[in-house]
Amino acid sequence: MKLPVSEINDIINREAQGEGSLIAALEEIQECYHYLPPEALLLASERFDVPLAQAYSVATFYNAFSLKPKGKHRLHVCTGTACHVRGSPQVLDRLQTKLDIKPGGTTRDRLFTLETVNCLGACALGPIVVSDGEYSGQMTPQKADQLLKNITRAEAEAKR
Amino acid sequence: MNRLESVAEFQEWQAGLAAGWDESKPCLRVCDGTGCRALGSRQVLAGLREELRKTRLDTPIEVVGTGCPGFCECGPLITIYPQRLSYQKIRPDDVPEIVHKTLIGGEIIERLLYTDPQTGQHIHTEPDLPFYQKQKRLVLDFNGRIDPTRIEDYVALGGYTSLAKALATMTPEEVIVEVKASGLRGRGGAGFPAGLKWELCRKNVQAVGAGYIICNADEGDPGAFMDRSVMEGNPHRVIEGMIIGAYAIGARQGYVYIRAEYPLAVENLKIAIQRAEQVGLLGKNILGSGFDFSLGVRLGAGAFVCGEETALMASIEGRIGEPRPRPPYPAESGLWGKPTNINNVETWANIPIIIGQGSQAFAAIGTKKSKGTKIFSVVGKINNTGLVEVPMGITLREVIYDIGGGIPKGKPFKAAQLGGPSGGCVPAAHLDVPIDYESLTALGAIMGSGGMVVTDEDTCMVDFARYFMAFIQEESCGKCGPCRMGTKAMLATLERICAGKGQPGDIEYLLELAEEVKRSSLCGLGQTAPNPVLSTIRYFRDEYEAHILDKICPAKVCKGLITYSVIPDKCTGCMVCLRNCPGNAITGAKKQVHVIDAGQCTRCGMCLSVCKFDAILVQ
C-alpha cells in the first residue's frame, strides 16, 4: 500500500493548529490507518518540534499505538476481570491456537490481527470478543471457532 | 437559540423547559448505552422508529435513546411511559408486537417482563424492579430518562441550576465551604476530602494567578464502568460540576482525560461540551458573571498508569505517561507547572447535587465519615450484572443479594473483589461489612473507584491474584525498579504456583516481595499493586497451600493442576468432543465411550464447552 503522505500531513497540521498534542495527532493517524507508519512519526516529530526519539517513545509507550500494520479483520478479546472469571482465557487460548499467533500478532495472510483489551465495560456479556467493531457475548471456545469460520467463509465468498 | 447573557435569562429558559417536560406523555425510553448497544439496542431503536412511522398513530409516540439505567443483565431495556412499564431482553423481532399489542392495544406482553427469580412473579414497572429497590440514585437519576445529547433535557430536569445558583448567590469561598461541609470524598479510590483539595488549590491559584482543573475519566480498572456510564448517560452533570469547581478554584481552563476505549462516552461528552458552549454555559463571561471557563477533551491512549494523576498530567502535556514523585502535589505544581485540581468523574458529578440541595441534605446520606452515595459496577459471578448506586453504609450482603440477585445457579458466594488491581477481597465471612472507606480498608480491601467483581467456588483465588499481577506487570510503566522488577518476580512466583511447581516458602517470599514493592514504589500503581496478592493470601491461604503442597487447584481452574476425563456413564458416544478436540486427544467410536489421553490433552476446555451430556469431568 502506498502511503498517502499528504493526508497524514493534513491530520498532523490540523492537530497542531488547534491546541492538540503529539499524542492526539498520533491517535488520529492510528485511527485512520490502524498503525503508525515511520513517515508519520517523522512528520509529526518535525511539526511538533520534538526529537524523533521522543515521538518513538510516545508511540511505543501507549498500548493504543502500533508500529506494525494490522490485519484486515481485527479481533479483540476482552480480558477484563469479569470476562476473566467467566472464561475469557479459554476463548483467547482457542483463538491463539486456531490462528497460530499471539495477542498483538497478525496472521501471515494479513487476514486477522488478534488483540486483547483490558475492559470494554460490557461486563454483563462476558466473555466478549469484538470482531471489527461487532460485539459477540458469552463466548466459548466453540463459539470462537464459529466466529472465525464465518469470517473466513465470507472472505472466500467475496473472492469468488 | 442565542447565548444566554445572564442568570435571569437562564432561569427563564430553564423554567420554560421544565414546564414542557412531561413524563405523563406516552414515550418509549430505550437504553442506548454501550452495554445495551452490544446486545443490539441500536437495531431495536431503529426498528421502533420505523414501525411507529409505518403505523402512523394519531398521537405520535416519542422514542428516546437514553443513557444506561444500570440493569445491564436484562438489556436491551425499554421503559414505556407514562406507566413506566419495563420490558427487557428485547430482540428486534419483538418490536412489531410491542407497538401493536402494547402501545396500540394496551396489552402487556408477559414474556418481556422481568420475572422475580425468588417469587416467580412478573414485575410490571421499572420502579418495582427489585434491582432498584435498595438503590439511592443521586448521580444516576437522570440516566434512563434523558437523551444525553440534548442539553435541553438535562436543563428541564433542573440541570445547570446549581451553577446558576453558585454564580448568582455564592462567592467562590462559599462554594468551597459548602463542598467541605458536605463531607464529599474523592470517588477515584483514595477518598481524599474534595473540599480540602479545592481549598489548597485555590490558595495556590490565587498566588500564581493561573491554574487548571482536570476530570480524570481514565477509568482503567478492568471490570469497572461507572464513570463510562455517567459520561455516556449524563455528561452535562460532570460538566456542570467542573464549571462550579473552576469557579470555586479560580481556574479558567479544564480538561477531561478520557479513555479512548469508550467511544460513545467520548462522543456524548464532546456533543455536550459543544452545546454548553453554544448556549453560553462554557466560554467567556458565563451567564454574565464575568467568569470565563473553557473545557477541552484529551483521549487516553491505552495506558493504565495514566489514571495516576502525575502520569495523567504528563500525558495531557503530550509526553509518555510516566509518574513523578510527589510532593510537589498537583495543587502546588501540576499541569505545565501550574496549580491543578484533579477529581474523577463521579466526584465532579456529585458537585451539582451538593450545591443544589445543600451540603446538609447530602451529608445526611451515608455514615459518619463516608457521605453520599457510591456507584459500583457489580460484575462476575452475579445474577444481576449492572451498575448500582447505593448509599454509603449499606452492607455488602444487600448489594450482592438484594440488588445483585445473588450468585448464578444458587452457588455460594466466595468473595467480592473491590478496587481492581489496587484493591482486595472481602470474603463471605465479612458479607455484613458496611460499605464505607474505613470499614473496607480495615478488611484489606478498598472502596476504590467502584469495581466490584463477585466470585464463586469456581473462581481460583490464586489464579485471580495471578491475573491482577499479570495486569499490573503489563501496565507497569517501568520507571521505578521496585514496580518494574518486583511485580515481575511476584508474577513469576504466582505463575509457578499455578503451574503446579510451587515450593514451600513461596507464600513467605510473596509476602516479603509485596511489602518491598508497596514500600518503595514511586507511584500509587506500584504501591498498591501487591494488594490483590496480600488480600488473597490473608483470606485464602489454604488455596495457596493446596496448590503448593498438595498440587491441587480446588476451584479446578489452574491448567497445570487439573485433568480432563470422560464420565463413562454419561458419555453417549456422540463424537462431538472428539471432532472438536484441537489436540486430537480424544479417541473412541460412535456410540462407544470416549477416552481422553491426558498426555495429549492441552486442557483447553473445548470438550467441556461442547459436550451436551455433562460427561466431561475436570479434576
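## Overview of the overall build of chain B
Point 1. The helix and strand inventory of chain B stands at 24 helices and 19 strands.
Point 2. Computed over the C-alpha atoms, the radius of gyration of chain B is 26 Å, within 12% of the 25 Å expected from 2.2 N^0.38 for a compact globule of 619 residues.
Point 3. Each of the 619 residues in chain B was classed as buried or not, and the buried ones make up 55%.
Point 4. Expressed as a percentage of contacts within chain B between residues at least 6 apart in sequence, the contacts between residues at least 24 apart total 72%.

## Notes on the overall build of chain A
Point 1. Assigned secondary structure in chain A consists of 7 helices and 4 strands.
Point 2. Reading the helices (α) and strands (β) of chain A from amino to carboxyl end gives α-α-α-α-β-α-α-β-β-β-α.
Point 3. C-alpha extents for chain A along the principal axes are approximately 50 × 40 × 25 Å.
Point 4. With 160 residues in all, chain A has 40% of them scored as buried.
Point 5. Residue pairs in contact within chain A that sit at least 24 positions apart in sequence constitute 58% of those at least 6 positions apart.

## As for the packing of helix α2 (residues 22–33) of chain A against helix α4 (residues 52–61) of chain A
Residue and element names in this part refer to chain A.
Point 1. Running from N to C, α2 and α4 point in directions that differ by 60 degrees, and their axes come no closer than 11 Å. On the basis of the axis angle, α2 is oblique to α4. α2 and α4 meet at a crossing whose hand is right-handed. Facing Leu22, Ile23 and Leu26 of α2, the residues of α4 in contact are Ala55, Val58 and Ala59.
Point 2. Split by residue class, the contact of α2 with α4 holds 6 nonpolar, no polar and no charged.

## Focus: the interface of chain A and chain B
Point 1. The interface is formed by 36 residues belonging to chain A together with 41 residues belonging to chain B.
Point 2. Those elements that provide at least two residues to the side of chain A that touches chain B are α2, α4, α5 (81–85), α6 (88–99) and α7 (141–159) of chain A.
Point 3. Of the residues belonging to the side of chain A that touches chain B, the class tally is 19 nonpolar, 13 polar and 4 charged.

## Topic: unusual backbone geometry
Residue and element names in this part refer to chain B.
Point 1. Following Gly75, the chain continues into Pro76 via a peptide bond in cis, with omega recorded as -10 degrees.
Point 2. Examined against the element boundaries, Pro76 turns out to sit in the loop between β2 (62–66) and β3 (78–81).
Point 3. With omega at -5 degrees, the peptide bond leading from Arg326 into Pro327 counts as cis.
Point 4. Inspection of the secondary structure puts Pro327 in the loop between α13 (309–316) and β10 (340–344).
Point 5. One non-glycine residue, Arg56, adopts positive backbone phi at about 50 degrees.
Point 6. With respect to the helices and strands, Arg56 occurs in the loop between α3 (41–55) and β2.
Point 7. On the neighbour-count criterion, Arg56 (7 C-beta atoms within 10 Å) is exposed.

## As for the domain arrangement of chain B
Residue and element names in this part refer to chain B.
Point 1. Domain parsing of chain B yields domain 1 (25–81 + 85–124), domain 2 (151–363), domain 3 (373–456), domain 4 (461–550) and domain 5 (563–618).
Point 2. Of note, the centres of domain 2 and domain 4, computed from C-alpha atoms alone, are 35 Å apart.
Point 3. Contacts between the two partners involve 10 residues from domain 2, matched on the other side by 8 residues from domain 4.

## What about the packing of helix α18 (residues 461–475) of chain B against helix α19 (residues 481–498) of chain B?
All names here are of chain B.
Point 1. At their nearest, the axes of α18 and α19 sit 9 Å apart, and the two run at 150 degrees to each other. By the angle between their directions, the pair α18 and α19 is classed as roughly antiparallel. Handedness of the crossing formed by α18 with α19: left-handed. Contacts from Val462, Asp463, Ala465, Arg466, Met469, Ala470, Ile472 and Gln473 in α18 reach Thr487, Lys488, Met490, Leu491, Leu494, Glu495, Ile497 and Cys498 in α19.
Point 2. Looking at the contact of α18 with α19 residue by residue, the class counts come to 10 nonpolar, 2 polar and 4 charged.

## Thoughts on helix α14 (residues 345–357) of chain B
Residues and elements named next belong to chain B.
Point 1. The first and last C-alpha atoms of α14 sit 19 Å apart over 13 residues, in line with the 18 Å expected at 1.5 Å per residue.
Point 2. By the criterion of burial, α14 is predominantly enclosed, with 12 of the 13 residues buried.
Point 3. Where α14 is concerned, the buried positions are Val345, Glu346, Thr347, Trp348, Ala349, Asn350, Ile351, Pro352, Ile353, Ile354, Ile355 and Gly356.
Point 4. Directly beyond the C-terminal end of α14, a positive phi value near 95 degrees is found at Gly358.

## Topic: the domain arrangement of chain A
Point 1. You can read the domains of chain A as domain 1 (5–61) and domain 2 (73–159).
Point 2. Here domain 1 of chain A and domain 2 of chain A have C-alpha centroids that lie 29 Å from each other.

## Concerning the environment of B:Pro412
Residue and element names in this part refer to chain B.
Point 1. Residue position: Pro412 is located in the loop between α16 (396–403) and β13 (413–418).
Point 2. The exposed category is assigned to Pro412, around which 9 C-beta atoms lie within 10 Å.
Point 3. In this structure the C-alpha to C-alpha distance between Pro412 and Glu457, which are 45 residues apart in sequence, comes to 6.9 Å.
Point 4. Once residues lying within four places of it in the same chain are set aside, the contact partners of Pro412 are Ile407, Asp456 and Glu457.

Definitions and limits used
- Residues numbered from 1 in each chain as written.
- Chains lettered and ligands numbered in written order.
- Predicted model: local features only at pLDDT ≥ 70, side-chain atom pairs only at ≥ 80, totals over all residues.
- Helix = DSSP H or I, 4+ residues; strand = E, 2+ residues; numbered from the N terminus.
- Rg over C-alpha atoms; globule rule 2.2 N^0.38 Å.
- Buried ≥ 20, exposed ≤ 12 C-beta atoms within 10 Å, placed from the backbone.
- Contact = placed C-beta atoms within 7 Å.
- Axes fitted to C-alpha atoms, helices over the stretch in contact; angles between N-to-C directions.
- Parallel < 35°, antiparallel > 145°, perpendicular 65-115°, else oblique.
- Left-handed = near helix turned anticlockwise from the far one by under 90°.
- Nonpolar A, V, L, I, M, F, W, Y, C, P; charged D, E, K, R; others polar.
- Domains from an automatic or database assignment.
- Expected span 1.5 Å × (residues − 1).

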